[in-house]
Amino acid sequence: MLRYFLRRLAYTLPIALGVTLVCFALVHLAPGDPISAVLPENASASVVQEIKAAYGFDKPLPVQYLIWLGRVTHGDLGMSIKSGRPVAAEIGPAIANSMLLAAASIFLAFVGGCTLGALAGYTRRRGVDRAVTAVAVTGVSLPHYWLGMVLIVLFSVELRWLPATGMGNPDLAHLILPAVTLAVIPMGIIARSVRASVSEIRRQEFVQTLYAKGLRGPRVFLHVAKNVAPTVMAVMGLQFAQMLGGSILVETVFSWPGTGFLLNAAIFTRDLPILQGTILVLAMLFVFTNLFVDVLQMLVDPRVKRA
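Residues numbered from 1 in each chain as written. Predicted model: local features only at pLDDT ≥ 70, side-chain atom pairs only at ≥ 80, totals over all residues. Heavy atoms only, no water.

(A) A look at the overall build of the protein chain. Helices and strands together make up the secondary structure of the protein chain, namely 13 helices and zero strands. Reading the protein chain from its N terminus to its C terminus gives the helix and strand order α-α-α-α-α-α-α-α-α-α-α-α-α. Expressed as a percentage of the 307 residues in the protein chain, the buried residues total 41%. Counting only carbon and sulfur atoms, one obtains 67% of the accessible surface of the protein chain, whose full area is about 16,800 Å². (Helix = DSSP H or I, 4+ residues; strand = E, 2+ residues; numbered from the N terminus. Buried < 20%, exposed > 50% of the residue type's maximum accessible area, 1.4 Å probe, protein only. Areas by Shrake-Rupley, 256 points an atom, 1.4 Å probe, with all protein chains shown as cover.)

(B) Structural context of helix α11 (residues 259-269). Inspection of α11 places Thr 259, Gly 260, Leu 262, Leu 263 and Ala 266 among the buried residues, and these make up the whole buried set. The buried residues of α11 occupy an angular sector of 155 degrees when the element is viewed end-on, so they sit on one face. Once α11 finishes, Arg 270 follows within two positions and takes phi at roughly 55 degrees, a positive value. (Arc of directions from axis to C-beta.)

(C) The arrangement of a nonpolar patch on the surface in detail. Together, Phe 107, Leu 108, Phe 110, Val 111, Leu 172, Ile 176 and Val 180 make up a nonpolar patch on the protein surface, roughly 600 Å² of accessible area in all. Put simply, the parts of the chain that give the nonpolar patch at least two residues each are α4 (87-122) and α7 (172-202). Top element by residues in the nonpolar patch is α4. It accounts for four residues. Assignment of secondary structure puts Leu 108 in helix α4. Taking relative accessible area as the criterion, Leu 108 reaches 35% and is therefore assigned partly exposed. (Patch = residues over 30% accessible without salt bridge, like charges linked within 9 Å, V, L, I, M, F, W, Y side chains within 5 Å. Salt bridge = Lys/Arg side-chain N within 4 Å of Asp/Glu carboxyl O.)

(D) Representation of the nonpolar core within the structure. Ranked by size, the top nonpolar core spans 62 residues in total, and within it Trp 68, Ile 190, Val 224 and Leu 280 carry the most contacts. When residues no more than four places from it in sequence are discounted, the contact partners of Trp 68 are Thr 20, Cys 23, Phe 24, Gln 276 and Leu 280. (Core = buried A, V, L, I, M, F, W, Y, C linked by side-chain atoms within 4.5 Å. Contact = heavy atoms within 4.5 Å.)

(E) Layout of the packing of helix α6 (residues 144-158) against α7. In contact at an axis separation of 9 Å, α6 and α7 are set at 145 degrees when each is read in the N-to-C sense. Our pair here, α6 against α7, has a crossing hand that is right-handed. Of the residues in α7, those in contact with His 144, Leu 147, Gly 148, Leu 151, Ile 152, Phe 155 and Ser 156 of α6 are Leu 177, Val 180, Thr 181, Leu 182, Val 184 and Ile 185. For the contact of α6 with α7, the class distribution of residues is nine nonpolar, four polar and no charged. (Axes fitted to C-alpha atoms, helices over the stretch in contact; angles between N-to-C directions. Left-handed = near helix turned anticlockwise from the far one by under 90°. Nonpolar A, V, L, I, M, F, W, Y, C, P; charged D, E, K, R; others polar.)

(F) Representation of the packing of α4 against helix α5 (residues 126-141) in the model. Viewed as axis vectors pointing N to C, α4 and α5 meet at an angle of 150 degrees, and their least axial separation amounts to 8 Å. Taken as axis vectors, α4 and α5 run roughly antiparallel relative to one another. Considering only the axes of α4 and α5, their crossing is left-handed. Between α4, through Leu 116, Leu 119 and Ala 120, and α5, the contact on the second element is made entirely by Val 128, Asp 129, Val 132 and Val 135. (Parallel < 35°, antiparallel > 145°, perpendicular 65-115°, else oblique.)

(G) Local environment of the pattern of salt bridges. Following the criterion strictly, the structure yields one salt bridge and no others. Across the salt bridge formed by Arg 85 and Glu 90, the nearest N and O atoms sit 3.6 Å from each other. A relative accessible area of 19% means that Glu 90 is categorised as buried.

(H) Layout of the confidence of the model for the protein chain. Per-residue confidence for the protein chain gives a mean pLDDT of 80; residues scoring 70 or more make up 90%. Looking over the protein chain, one finds the lowest element-wise mean pLDDT in helix α13 (residues 303-306), namely 56, and the highest in α6, namely 88. (pLDDT = per-residue confidence, 0-100.)

(I) Inspection of the environment of Arg 192 at higher detail. Counting through the fold element by element, Arg 192 comes out in helix α7. Its relative accessible area of 48% is what places Arg 192 among the partly exposed residues. Note: C-alpha distance between Arg 192 and Gly 121 (71 residues apart in sequence) is 9.2 Å. Not counting residues up to four positions away in its chain, the partners in contact with Arg 192 are Ala 136 and Val 137.

(J) Examining unusual backbone geometry more closely. The phi angle at Arg 160 is positive, at roughly 60 degrees, despite the residue not being glycine. Looking at the element boundaries, Arg 160 is found in the loop between α6 and α7. Even without a glycine there, the phi angle at Ser 255 is positive, about 50 degrees. The residue Ser 255 is located in the loop between α10 (248-253) and α11 in this model.

(K) The arrangement of the packing of aromatic side chains in detail. Under the criterion given, the structure shown has two aromatic pairs. Taking 6.4 Å as the distance between ring centres and 45 degrees as the angle between the ring planes, the aromatic pair formed by Tyr 65 and Trp 68 counts as tilted. Taken together, the residues span about one helical turn, with Tyr 65 and Trp 68 both in helix α3 (residues 61-73) at a distance of three residues. Trp 68 matches Tyr 65 in its accessibility class, with the two residues each being buried. Judged by centre distance (6.1 Å) and plane angle (45 degrees), the rings of Phe 155 and Trp 161 are tilted. Looking at Phe 155, the relative accessible area reads 23%, which means it is partly exposed. (Phe/Tyr/Trp six-rings, centres within 6.5 Å; stacked < 30°, edge-to-face > 60°.)

So, in C-alpha cells, the structure goes:
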C-alpha cells in the first residue's frame with residue numbers, strides 16, 4: 001500500500017507544478033491592469049510605478065512566477081490588492097464555507113444518485129428504468145443559475161419557507177437551497193454511473209452463481225454494491241472536487257460567502273493575488289482529492305493496485 005501511495009504521489013507532484021504555471025499564466029494573460037482598480041484616475045506615473053514595485057508587477061513575468069512560486073511553497077499567497085489583507089486570511093473562511101456547501105451537496109447527490117441508479121439498474125421493469133434515466137438526464141441538463149433562481153422564487157418569495165441569500169451562523173435553513181441546487185447535476189451523473197455499473201455487474205457470471213447457490217435479495221445486492229463501490233467513489237471524488245471550484249454561479253446567486261463568491265468579486269476588482277491564490281488552492285484540492293480517491297479505491301478494491 002505504501003509503495004502504491006508513493007507512486008501516486010510522485011505522479012501528482014508534476015501535475016501540481018504544472019497547475020501553478022497554468023494558474024499564474026492564465027491570470028496574467030487576461031486583459032486589464034490590477035493597479036488601476038485601486039488607484040484614482042489622476043494618479044501620477046511615479047505613484048503607479050511605486051505601487052507596481054510594491055506588488056512585484058514591475059518585473060518580467062518569468063521572474064514574477066518564480067518569486068510567487070517560492071512564496072507559495074512557504075505558505076505565503078501574497079496580499080490582496082483590494083483589501084490589503086493576506087490572501088490566505090481571505091481564502092481560509094471562503095474555503096471552509098465552500099467545503100460545507102460541497103459536503104452537504106455531495107451527500108444529497110450520493111443518496112439520491114445511488115438510490116435512483118440502483119433502482120434503475122437492479123429492477124427488471126423497463127418503465128422504472130426509463131423514468132429514472134429521464135430524471136437523471138433532466139438533472140444533468142438543468143443550468144445551476146436558472147435552477148437556483150427558480151428555487152428562490154418558489155421557496156423564498158412565494159412560499160416564504162426558506163431564506164433566499166446569505167449564510168446563517170449556524171443556520172441550516174440558509175444551506176438548503178444552495179445545497180439542493182448544487183446537488184442536482186452530480187446526482188444525475190452519479191445515478192447514470194450507478195445504473196450502468198449495476199446493470200453490467202448483474203449480468204456477470206458470479207451473480208448468477210450466487211443465485212444458483214440459493215442466495216436471494218439483500219445478500220446478492222450487497223455483493224453487487226461492493227463491486228459498484230469503486231466506480232461510485234471515483235465519480236463522487238471528481239464531483240466533490242468540482243463542486244469546490246465550480247460553484248461560482250451558485251454561490252453568486254445565493255450570496256454564499258465561499259470561494260466562488262470570492263472569485264467573482266476578485267474578477268470584477270481585478271485582484272490578481274486573490275485570483276491566483278484561490279484558483280491555486282482549488283486546483284490543489286482537486287488534485288489531492290483525486291489522489292485520496294485513488295488510494296481509497298485501492299483499499300476497497302485490491303484489483304486497482306494490480307492494474
